[in-house]
Amino acid sequence: MEPEDRRIIEADGATQPLVRLAGNVFGSWDCDGELRVAYSEDSEGVLVRVVAADFRFYKSHYGFERYIGLLGDRILVSQQSTLE
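Parameters and conventions
- Residues numbered from 1 in each chain as written.
- Predicted model: local features only at pLDDT ≥ 70, side-chain atom pairs only at ≥ 80, totals over all residues.
- Heavy atoms only, no water.
- Helix = DSSP H or I, 4+ residues; strand = E, 2+ residues; numbered from the N terminus.
- Buried < 20%, exposed > 50% of the residue type's maximum accessible area, 1.4 Å probe, protein only.
- Contact = heavy atoms within 4.5 Å.
- Areas by Shrake-Rupley, 256 points an atom, 1.4 Å probe, with all protein chains shown as cover.
- Lys, Arg positive; Asp, Glu negative; His and termini not counted.
- Charge placed at Lys NZ, Arg CZ, Asp CG, Glu CD.
- Pairing = 2+ DSSP bridges.
- Core = buried A, V, L, I, M, F, W, Y, C linked by side-chain atoms within 4.5 Å.
- Salt bridge = Lys/Arg side-chain N within 4 Å of Asp/Glu carboxyl O.

A. The overall build of the chain, seen in detail. For the chain, the helix and strand inventory stands at two helices and five strands. Secondary structure elements of the chain, listed N to C terminal, follow the sequence β-β-β-β-β-α-α. Counting only C-alpha atoms, the chain reaches 45 × 30 × 25 Å along its principal axes. Every one of the 84 residues in the chain was classed for burial, and the buried ones make up 31%. In the chain, of all internal contacts separated by at least 6 residues, the share reaching a separation of at least 24 is 26%. With an accessible surface of roughly 5,700 Å², the chain has 55% of that area assigned to carbon and sulfur atoms. Looking at charge distribution, the chain has the averaged site of its 9 positive side-chain charges lying 4 Å from that of its 15 negative ones.

Next comes the structure, spelled out in structure tokens:
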């Protein structure tokens, strides 16, 4: 992943690595592959936990296995565009 697609924050007394899910939303997963937490980054770079309704959306769309597939697709598109 590119550095701009990663964030590391201190929350709940622990260091949490996050990756970009979509747009300005970052998240991380539990060991079972379910999205554990999601944060939205504002224009000043501050990460704020997404509200419950939004979190349910991201959780249903970004299980870890599905995210890996989407990430693979992003990488392929990126590589194709650099070859053109």
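Alright, that's what it looks like, and here's the rest.
B. Just the pairing of strand β1 (residues 6-11), in detail. Strand direction decides the pairing type here: β1 and strand β2 (residues 14-22), joined by six bridges, are antiparallel. Looking at the pairing, arginine 7 lines up with leucine 18 of β2. If you look at the hairpin formed by β1 and β2, you'll find two residues sitting between the two strands, and aspartate 12 has a positive phi there, around 55 degrees.

C. Representation of the nonpolar core within the structure. Of all hydrophobic cores here, the largest spans 12 residues; its members are Val19, Leu21, Val25, Trp29, Leu35, Ala38, Val50, Phe55, Tyr58, Tyr62, Tyr67 and Leu71. For this core, the elements supplying multiple residues, two or more each, are β2, β3 (25-29), β4 (35-41), α1 (52-61) and α2 (64-83). Setting aside anything within four residues of it in sequence, one finds tyrosine 58 in contact with Leu21, Val25 and Leu35. Formed by seven residues, the second largest nonpolar core is a distinct cluster that contains Ile9, Ala11, Leu18 and Phe26.

D. Just the pattern of salt bridges, in detail. One pass over the full model with this rule turns up five salt bridges. Note that aspartate 12 is salt-bridged to arginine 49, the shortest N-O span being 3.6 Å. Here aspartate 12 is found in the loop between β1 and β2, whereas its partner arginine 49 is found in strand β5 (residues 47-49), with 37 residues between them in sequence. Overall, the relative accessible area of 46% leaves arginine 49 in the partly exposed class.

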